[in-house]
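These are the residues of each chain, in order.
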2 protein chains.
Amino acid sequence: MSLLEDLLEEVRAAKTTITRKSALNKVKLMRTLFDKEMLTLGDLVQDMGLSFPTMNSLVLDLHQRKMLVPKDKGESIGGRKPVLYQINDGIFNVLCVEIERFAVRMVVMDNNNNVLFEPKSYPFEISTQESDIEDLVQVILQYFEDRHIEEQNISAIGLSMPGLINFKIGTNQTFYSNNSFNISDYLKQKFGKHVAMVNDVKGAAISELAYGAAQDKENVLVILMDWGIGLGIIIDGKVYMGNEGFSGEMGHMVFVDEGELCYCGKRGCLETIASGVYLVNQARADIEKGVPTLLKNLKNLADLQPQHIIQVANQGDQYAIDLIASLGNNLGKAISLLIQILNPEAVVLSGKFAKAGSLITIPIQQSLNKYTMNAIRQKCEIQLSSLDDNGYAQGLVRYTVEDYFKNNLVTLNMNN
Amino acid sequence: MSLLEDLLEEVRAAKTTITRKSALNKVKLMRTLFDKEMLTLGDLVQDMGLSFPTMNSLVLDLHQRKMLVPKDKGESIGGRKPVLYQINDGIFNVLCVEIERFAVRMVVMDNNNNVLFEPKSYPFEISTQESDIEDLVQVILQYFEDRHIEEQNISAIGLSMPGLINFKIGTNQTFYSNNSFNISDYLKQKFGKHVAMVNDVKGAAISELAYGAAQDKENVLVILMDWGIGLGIIIDGKVYMGNEGFSGEMGHMVFVDEGELCYCGKRGCLETIASGVYLVNQARADIEKGVPTLLKNLKNLADLQPQHIIQVANQGDQYAIDLIASLGNNLGKAISLLIQILNPEAVVLSGKFAKAGSLITIPIQQSLNKYTMNAIRQKCEIQLSSLDDNGYAQGLVRYTVEDYFKNNLVTLNMNN
DNA sequence: CTGACTTGATTAAAATTTTTAGTAAAGTTT
DNA sequence: AAACTTTACTAAAAATTTTAATCAAGTCAG
């Protein structure tokens, strides 16, 4: 049993209200420390509303158990430097399972984002067949084998995937078309661990908020540009999920009257004119027509991916540049609607398209200038994401740990 | 000095931390009680994290000062009924100043929404001339005279108006075109009272949340339909203001490519095809063309107002019904974008158009079915507002009192 | 209708925490 | 190097929270 589970057990086993309260405060202290990453004793006193002596004894106890460590010293503001406390490494280890359109990427990281087992991708395609979920289990077991991972070293599983995920009950509409099958429960039973499930864009938004371009901001839109187009909405410093977890489905906003048929069943969705799918389809059609472009050098046109187009555009290919620009203009028009409605302080462009840099930002900015009210746009910065390969996994770790604490604290407070 | 101000003074004058804490807790108790309207001792203990004995003595003290009263008894859940406490009448009296497009409406209400001085409307037109603000002061003084109101009986002023209002610093873009003039400060100086200023749609959203169709809901869109079209966004049970207070400007979302010129400077804004202004302009043009409609009986076509069109539509006028339906279709298309982005649990249709009932809801619903993803739309109810004439003023009272508490508690906690 | 069983209100003693105050340690600034 | 700040830690005094007990006011089954 892990140190954190010991602590939770201590709360459950407490005989008097006093010992219970003390143990519960230690759990809350761990959560606060995870949330804020590094805090001084004084910060903790303020955050948790306890006195210095009490907080001191709590910290001392957790220090002795090696659950937290004095890491650095904070900046002095005219006197002695305060000690900064941090959760110890390896207190909570998360298996990150990032389900992408044609692959699953896995990595194991601890609460401080240390990589415990190196990432690896496996081919995997989402469909709505019944066997998918069992396939996923097999891929996970394969990863365990490949990296020599013992299951007992994993504290919880974090799952991210595109599509509609009901965050309140843990169902989704990606595997199986009926809403009743509960992946979280299935995996939880299979592995005997806490499972957190989150939509990929919302995971990205958490990453940007905690470690990326949205740090220290309150109201931000995170646009994830890849095969599809997703939106993560940050409001009051929190990622807004939507009433059932379905917020941010901007890719299927209807944008063109009587437009092209989208795979979602509607016509003229934004994704039909501004997405990786659109880019690839358009490029394929144009290449067949004989348009001059570096893309023609590609061996197999069927393998064409959005990143190839971005790549040649960055090399100066005029066709690719124009294609990305027209996409940027349409996307900018959509973003202008969002800004007009939500008045954010920043828009963060994330995902594979961020690599296109100003080739995409300038067309977007152009549309914003045209379609947004001055006062609302003026203070809204357009920023490119700067997260690295493990960036989204870090957000997934964060979501998983938060979910774990939330679930446990709710059930602990119930059995008052 | 009012009872509430006495209490605040007590906090400031407190010599020891202990007496200060106690006085501060009484202020917080008053705020909690205002926020939740009616609470039992047990509720207060839970909400504020204090023990029964302590809370009991706080309540006793405030009861003796006549700041709160035991009002009703709660429902029994198998034993003795608990006493429900409520803030006493007349503890905080708000002058509500609702600035509309062509009028100002005023009313004085207390913290429990009792009308102390009957409402009255005065003609008033917003422009960006310097003299406007002084005109407003004159109209307020006129109201005081007409209703025999003594200034000392007013605790604070609540101001609602259309347009962009920076809620953090109290400036607006309705009076004066430059952003630097501060109406709140001006009126505060003129009357020596706290002034809260809020955008009319956000005020309406607060009303719907506290007393209307959005009660007990978490994530709701409130559409205010009048001369313009406004949107109030309720997220996690709070009205979302936007980073600078400019959220919800849906009327100026660009909706028609190279459409009609809007007064905001852009082309093809939603308001040019779905608003009271559109309705009136379209009707005037059609009547001149000789379309058969009951509206022709109107004496003066220049006086045509949206409510006239709604009225004849309710009487069965086919032209008006069709006109409203086409507006509803367009509006529904816009709302479908919002639902797709924000996944609310309900959409509340408020404002004068709500009187059109199913004549407007059915066309809207029709568009929603066409343009929104099934899963997101399914659990989203479309509801009509049921607020009465003073409904929006009640939201303004609520905003004003909340603002007053927030401001005071912030400054009190600063001089720790 | 009565009696057993709830839950709520109130009070008092015991346990614990918070204040308050004082001292030492560790920096910064003049 | 001295004076001033801020943090860390300890201990006595003061206040609050627990805990427990009693009374009041309901519900509900028989």
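Parameters at a glance
Residues numbered from 1 in each chain as written. Chains lettered and ligands numbered in written order. Predicted model: local features only at pLDDT ≥ 70, side-chain atom pairs only at ≥ 80, totals over all residues. Heavy atoms only, no water. UniProt positions renumbered as here; feature names shortened; annotations may be inferred. Domains from an automatic or database assignment. Helix = DSSP H or I, 4+ residues; strand = E, 2+ residues; numbered from the N terminus. Buried < 20%, exposed > 50% of the residue type's maximum accessible area, 1.4 Å probe, protein only. Contact = heavy atoms within 4.5 Å. Least-squares fit on C-alpha atoms with pLDDT ≥ 70 in both. Near = heavy atom within 4 Å. Polar contact = N/O pair within 3.5 Å; in protein donor to acceptor, adjacent residues only side chain to side chain. Nonpolar A, V, L, I, M, F, W, Y, C, P; charged D, E, K, R; others polar. Salt bridge = Lys/Arg side-chain N within 4 Å of Asp/Glu carboxyl O. Phe/Tyr/Trp six-rings, centres within 6.5 Å; stacked < 30°, edge-to-face > 60°. Lys NZ or Arg CZ within 6 Å of the ring centre and 35° of its normal.

- Per an unreviewed UniProt entry, chain A carries the name ROK family protein and comes from Sphingobacterium litopenaei.
- A UniProt comment under Sequence similarities (unreviewed entry) is attached to chain A, and it reads "Belongs to the ROK (NagC/XylR) family."

Focus on the domain arrangement of chain A
Argument step 1. Splitting chain A by domain gives domain 1 (3–87), domain 2 (93–203 + 391–414) and domain 3 (213–384).
Argument step 2. Of note, the centres of domain 1 of chain A and domain 3 of chain A, computed from C-alpha atoms alone, are 43 Å apart.

Brief notes about the environment of I223 of chain B
Residue and element names in this part refer to chain B.
Argument step 1. Relative to the elements of secondary structure, I223 occurs in strand 11 (residues 220–225).
Argument step 2. Residue I223 is classed as buried on the basis of its relative accessible area of 0%.
Argument step 3. Distance from I223 to R12, taken between C-alpha atoms, is 42 Å for residues 211 residues apart in sequence.
Argument step 4. Setting aside its immediate chain neighbours within four residues, I223 contacts I229, G230, L231, M250, I335, L338, V347, V348, L349 and S350.

As for the relation of the copies chain A and chain B
Argument step 1. It takes a turn of 180° to lay chain A on chain B, together with a shift of 0.0 Å along the axis; the resulting RMSD is 0.0 Å. Accordingly, the operation relating the two chain copies is best matched by a two-fold axis.
Argument step 2. Comparing interface residues between copies, 100% of those in chain A also sit at the interface in chain B, which points to an isologous, same-surface contact.

A few points about the protein's contact with DNA strand D
Argument step 1. Residues in contact with DNA strand D amount to 22 residues; listed here are only the nearest, T17, K21 and G79 of chain A together with S51 and T54 of chain B.
Argument step 2. In DNA strand D, atoms within 4 Å of the protein come from the sugar-phosphate backbone in 79% of cases.
Argument step 3. Side-chain polar atom of T17 of chain A to a phosphate oxygen of DNA strand D: 2.2 Å apart, as the coordinates give it.
Argument step 4. At the level of elements, helix 2 (17–36) of chain A together with helix 4 (52–64) of chain B are the ones that each hand at least two residues to the surface near DNA strand D.
Argument step 5. Per element, the largest residue contribution to the surface near DNA strand D is three residues, and it comes from helix 2 of chain A.
Argument step 6. Residues of the surface near DNA strand D, tallied by class, amount to eight nonpolar, 10 polar and four charged.

Let's talk about the pattern of salt bridges
Argument step 1. What the rule picks out here adds up to 32 salt bridges over all chains.
Argument step 2. The salt bridge partner of K370 of chain B is E258 of chain A, with a shortest N-O separation of 3.6 Å. A residue pair is termed interchain when its members come from two chains, as with K370 of chain B in helix 11 (residues 358–371) and E258 of chain A in the loop between strand 12 (238–240) and helix 8 (276–289).
Argument step 3. Looking at K370 of chain B, the relative accessible area reads 47%, which means it is partly exposed.
Argument step 4. K120 of chain B is paired through a salt bridge with D146 of chain B; the nearest N and O atoms lie 3.1 Å apart. Of this pair, K120 of chain B sits in strand 6 (residues 115–123) while D146 of chain B sits in helix 5 (residues 132–146); the two residues are 26 residues apart in sequence, bridging distant segments of the chain.
Argument step 5. On the basis of relative accessible area, K120 of chain B is assigned to the partly exposed category, the value being 31%.
Argument step 6. Look at the salt bridges and you will find they share partners, linking E10, K26, D61 and R65 of chain A into a network.

As for the packing of aromatic side chains
Argument step 1. Enumeration according to the criterion identifies 10 aromatic pairs over all chains in this entry.
Argument step 2. Summarising the aromatic geometry, the rings of F92 of chain B and Y404 of chain B are spaced 4.6 Å apart at their centres and angled 50° between planes, so their arrangement reads as tilted. Taken together, the residues F92 of chain B in the loop between strand 3 (83–87) and strand 4 (93–99) and Y404 of chain B in helix 13 (residues 391–414) connect sequence positions 312 residues apart.
Argument step 3. For the ring pair Y122 of chain B and Y143 of chain B, a centre distance of 6.4 Å and an interplane angle of 85° mean the geometry is edge-to-face. Of this pair, Y122 of chain B sits in strand 6 while Y143 of chain B sits in helix 5; the two residues are 21 residues apart in sequence, bridging distant segments of the chain. Per residue, the accessibility class of Y122 of chain B equals that of Y143 of chain B, and both read buried.
Argument step 4. Taking the ring centre of F34 of chain A as reference, the NZ or CZ of R398 of chain A above it sits at 4.5 Å.

Thoughts on the protein's contact with DNA strand C
Argument step 1. Surveying the vicinity of DNA strand C reveals 22 residues, the closest of which are S51 and T54 of chain A together with T17, K21 and R80 of chain B.
Argument step 2. Here a phosphate oxygen of DNA strand C and a backbone polar atom of V83 of chain B are 3.1 Å apart.
Argument step 3. Put simply, the parts of the chain that give the surface near DNA strand C at least two residues each are helix 4 (52–64) of chain A together with helix 2 (17–36) of chain B.
Argument step 4. Residue composition of the surface near DNA strand C, grouped by class: eight nonpolar, 10 polar and four charged.

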